[in-house]
Amino acid sequence: MEWSAPGYTEVRQLGAGASGRVALAVHDETGVKVAIKYLSADLLRDPAALARFQSEARLLTTLRDPNIATMWEYIQDAGGAAIVMELVNGVSLRALMREHGATEPEAALVVLKGSLLGLARAHTMGLVHRDYKPENVIVRDDGVSKLVDFGIAVRQGTVAHPEGTPPYMAPELWEGRPASPSTDVYAATAVFFECLTGHRPYRSTEPSVLGYQHIHAPVPFHDAPEPVRELIRRGLAKDPGRRPESALAFVSELEAAARAAYGEDWEERGKRRLAALVALLALLLPTPPAPAPEVSTSLARTVFRGLRSNVSRVAMGGGLAAAVAVAVVVIVVANRERPPGPIGAAAAVPPTEITPELASAPPTTPESTPEGTPESSPENTPGTGPENTPEAILPEESPTATRPATLPTRTRTPTSTPTTTPITTPTTTRTTTATTTPTTTPTSAPPSTPPVTPTPPVTPTPTLTTPSPATSVLAIGLGDLRIDENGVAATTVNMRASGTAAVIATATWAASGTDGRTERVRLIGSTTYTRTLTWSMGERPCGKTVTLTVTTSPAAPGGGRTASVTAPPCPTRVTGLRVGLVLPAAPARAAQARIRVTASGTGEIPVQAEFAVNGDPVGTRTANLSGQTSYARTLTHTFSSRPCGSTLSVKVTAGGRTATARTSVPCPPELAEVRRVSIVRAGAGDGLTATVQVLTSNTQPVRLNVAFSAGELGGTRSETLSGETSYSTTFALPVKQLPCGTKWSVTASTVPAAGNGGDTASGVTPECPSEEQPTKEPTKEPRPETSDTPGKVD
């Protein structure tokens, strides 16, 4: 048997998960219905998990807000730990969207506003929720929503291990940065987007890809209706600083946009729409709405008394009693227009559930209350002594609100007709006169008084004891069984019965490698039922077959029904990832990320390499690996210019794993820039000589090469020039004597090459004298000239 919180009686389980379960329960001494969150037995033995559960309770004791489910008390002993919460009579936003899809804009705005107000209250206490999602928003049957589950809330600015639900996690959580109020604003906007469109902003099923989308993908605000696109764009901004500065500031923006687009009454219309959607899921409510009562009741006040158990309790002072008072006020308002008459707790009970009972019937006897009454009229369960008997409060302003004279007739009789129905048979008279307890003090009668009350078995009342026909199950059917990406299996059960009496449906879930789950659902008050059954398995049952078997009591024709579904195979898991980064020597400009991946299977693995220079992203390369279990792949990024003097890094993500590498890119030594090289003069005499001038842009070393050529002779002279920007150097190639008429040349060049490439000078040695031409001596005296013939030299 599972541990139950002392002082409470469980009615049924509302949900269960890896961390525990949530149950609908009734406080034994007041009859108030509550929701109890139990920590699982496995986590109870984990000190860290228990400390977190206790921390959640401590946080909830400080949060008192109409938009947050109130905590009544915390209970812990050797058997277990539990948080007793206000019972929010509604359905989760997830269930509402699962059944109806996208909501109208006004309804989505109402949910967002209520959530932001609840988050704002937490933010004023320095808390960040971190796990806002549709499952943690409960929409009541009046359209008002409440925020629940502060299990992973942290103090603002706390650097903690990233936690949350991936589809709604803000970029800073994916990057390991501290959570802030804007983190909750991001999640609330993502849920708002889902309410408007019927799908999440980013929908990848791979965590690595989903994280990249949250960090880098554009905000898909164009999918939303035009009047609220700016709210989506601001709320889903990648940079927390660009989001609204607080949840309250976002509420102001929301209200202004809603009034401008949908009018002043947008909120009232949104609540009516939500209430209508919840009404269509009435069977999912913890306490389905009861039919209008046919009898009146008396106003009652109850308080906590006699908490007698050896347990550790931390309670909200007066909180539960206040809730009872509120519930009573609601009953009074609901019956305001009724004809004058007795008013009491029975007004909350459907007419088919009201049966005269023995006033002192033991509370532990199931037969002492009609079937189904514990769910709707806990006030009818008396305590174990006079001190626990609810006191009747008589409204002074109502002259008819006197203590009902018919109250002593609440004794066990064969009739099933309410005592307010006129009955003139002798049975009623004999029962009333035979009672030994004074009729003026029925509420203070000790428990031992009723046994002496005579019963009238000798007076037959055949017309009133005729048993009603037993209810039978006529048909039962199961919808398609499905499993979502969060590992939640769900289906819909439809059942038809011959009457309105209670029918018990037992759902048994099974999957290989799990303990399964069994859930019992009590259906009453109708002849047709539709109920959604879910099982949260904690993780996706990849490749496994999940089976649901539903049986009923009484049994349906043909017995129970079974549905099953096989989940897709598990994605390939990356077991190892290594990366190296290489940039070849200058002047190379291509960086290479050399990646090695090992995997558990041959399925597809997306790989992404993000290159960065000094921490600033400069490019991303992707690849898909498949067909093997070991891979070696190189992803390359080419720079427009070599990033010398900086730090180059690469971040590689493959199948949820991440690896990084970095390297420094040194600058090569500065090279000289030669502007011009020129041969100033060159000649041939006893040898070849050349004077060369070199002009540079800096003082870095320059290599000057001079090549000589004269006929079959030749040679090269070289010299390294440095320290200046202008050089003039003379080179010589010794030669004893060049033959006459010999062609010669000089070529000058530099390393690095000069702007003009180089320079060349050439020439010919003097021609040798001719041997046939005699040598003439000049005349001593000039020859006479004639007047008509020019002079000559012979």
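Scroll up to find the structure.
A quick note: this is a predicted structure, and the numbers were derived from the prediction, not measured.

The number of helices and strands found in the protein chain is 13 helices and 35 strands. For the protein chain, with 794 residues in total, the buried portion stands at 41%. Once local pairs closer than 6 in sequence are excluded, the contacts in the protein chain between residues at least 24 apart make up 62%. Roughly 41100 Å² of accessible area belongs to the protein chain as shown, and the carbon and sulfur atoms make up 53% of that amount.

Pairing in this open sheet of 3 strands is antiparallel, and the strands run S29-S30-S33 from one edge to the other. Two strands close off the open sheet at either side, each with one partner strand: strand S29 (674-684) and strand S33 (726-734). Recorded for the sheet is a direction-independent mean angle of 20 degrees between the axes of neighbouring strands. Where strand S30 (residues 687-696) and S33 come together, 9 bridges link them in antiparallel fashion. For valine 694, the partnering residue across the bridge sits in S33 and is tyrosine 727.

Here the structure, examined in full by the defined rule, presents 3 aromatic pairs. Pairing tryptophan 3 with tyrosine 38 gives two aromatic rings, centres 5.8 Å apart and planes at 90 degrees, and the pair type is edge-to-face. One end of the pair, tryptophan 3, is in the segment before strand S1 (8-17); the other, tyrosine 38, is in strand S3 (residues 33-39), and 35 residues separate them in sequence. A residue is classified by how much of its surface remains accessible, and tyrosine 38, at 4% relative accessible area, is buried. Centroid distance phenylalanine 53 to tyrosine 74: 6.1 Å. Interplanar angle 55 degrees. Geometry classified as tilted.

Here the focus is helix H4 (residues 105-124). In a regular helix each residue adds 1.5 Å, so 20 residues correspond to 28 Å; H4 covers 28 Å between its end C-alpha atoms and thus fits that length. The element H4 is extensively covered by neighbouring structure, given that 17 of its 20 residues are classed as buried.

If you look at the biggest cluster of nonpolar residues, it comprises 74 residues, and the most contacted ones within it are Leu109, Tyr132 and Ile232. Tyrosine 132 has contacts with Val111, Ser115, Leu119, Val137, Leu147, Tyr168, Ala187, Ala188 and Val191, leaving out every residue within four places of it along the chain. Within the second largest apolar cluster, 27 residues are counted, among which are Ile595, Val597, Ile605 and Val613.

In the segment running from serine 553 into proline 554, the intervening peptide bond is cis, with an omega of 5 degrees. When you line up the elements, proline 554 lands in the loop between strand S20 (545-553) and strand S21 (561-566). The omega torsion of the bond from valine 751 to proline 752 falls at 0 degrees, within 30 degrees of zero and hence cis. Secondary-structure assignment places proline 752 in the loop between strand S34 (743-751) and strand S35 (759-764). Even without being glycine, arginine 130 reaches a positive phi, approximately 70 degrees. With respect to the helices, strands and loops of the structure, arginine 130 is situated in the loop between strand S7 (127-128) and strand S8 (137-140).

Turning to the environment of valine 185, a few remarks are in order. Mapped onto the elements of the fold, valine 185 is located in helix H6 (residues 181-197). For the pair formed by valine 185 and leucine 119, sequence separation is 66 residues and the distance between their alpha carbons is 8.4 Å. The contacts of valine 185, once residues within four sequence positions are left out, are Gly235, Pro244, Ser246, Ala247 and Phe250.

Whether parallel or antiparallel, the strands of a sheet pair through hydrogen bonds between backbone atoms. The 4 strands lie next to each other as S32-S31-S34-S35, forming an open sheet whose pairing is antiparallel. The two strands at the open ends of the sheet, each matched to only one other strand, are strand S32 (713-721) and S35. Neighbour to neighbour, the strand axes of the sheet diverge by 10 degrees on average, direction disregarded. The pairing of strand S31 (residues 702-710) with S32 spans 9 bridges and is antiparallel. The residue of S32 that forms the bridge with phenylalanine 708 is glycine 715.

Cut-offs applied
- Residues numbered from 1 in each chain as written.
- Predicted model: local features only at pLDDT ≥ 70, side-chain atom pairs only at ≥ 80, totals over all residues.
- Heavy atoms only, no water.
- Helix = DSSP H or I, 4+ residues; strand = E, 2+ residues; numbered from the N terminus.
- Buried < 20%, exposed > 50% of the residue type's maximum accessible area, 1.4 Å probe, protein only.
- Contact = heavy atoms within 4.5 Å.
- Areas by Shrake-Rupley, 256 points an atom, 1.4 Å probe, with all protein chains shown as cover.
- Pairing = 2+ DSSP bridges.
- Axes fitted to C-alpha atoms, helices over the stretch in contact; angles between N-to-C directions.
- Phe/Tyr/Trp six-rings, centres within 6.5 Å; stacked < 30°, edge-to-face > 60°.
- Expected span 1.5 Å × (residues − 1).
- Core = buried A, V, L, I, M, F, W, Y, C linked by side-chain atoms within 4.5 Å.

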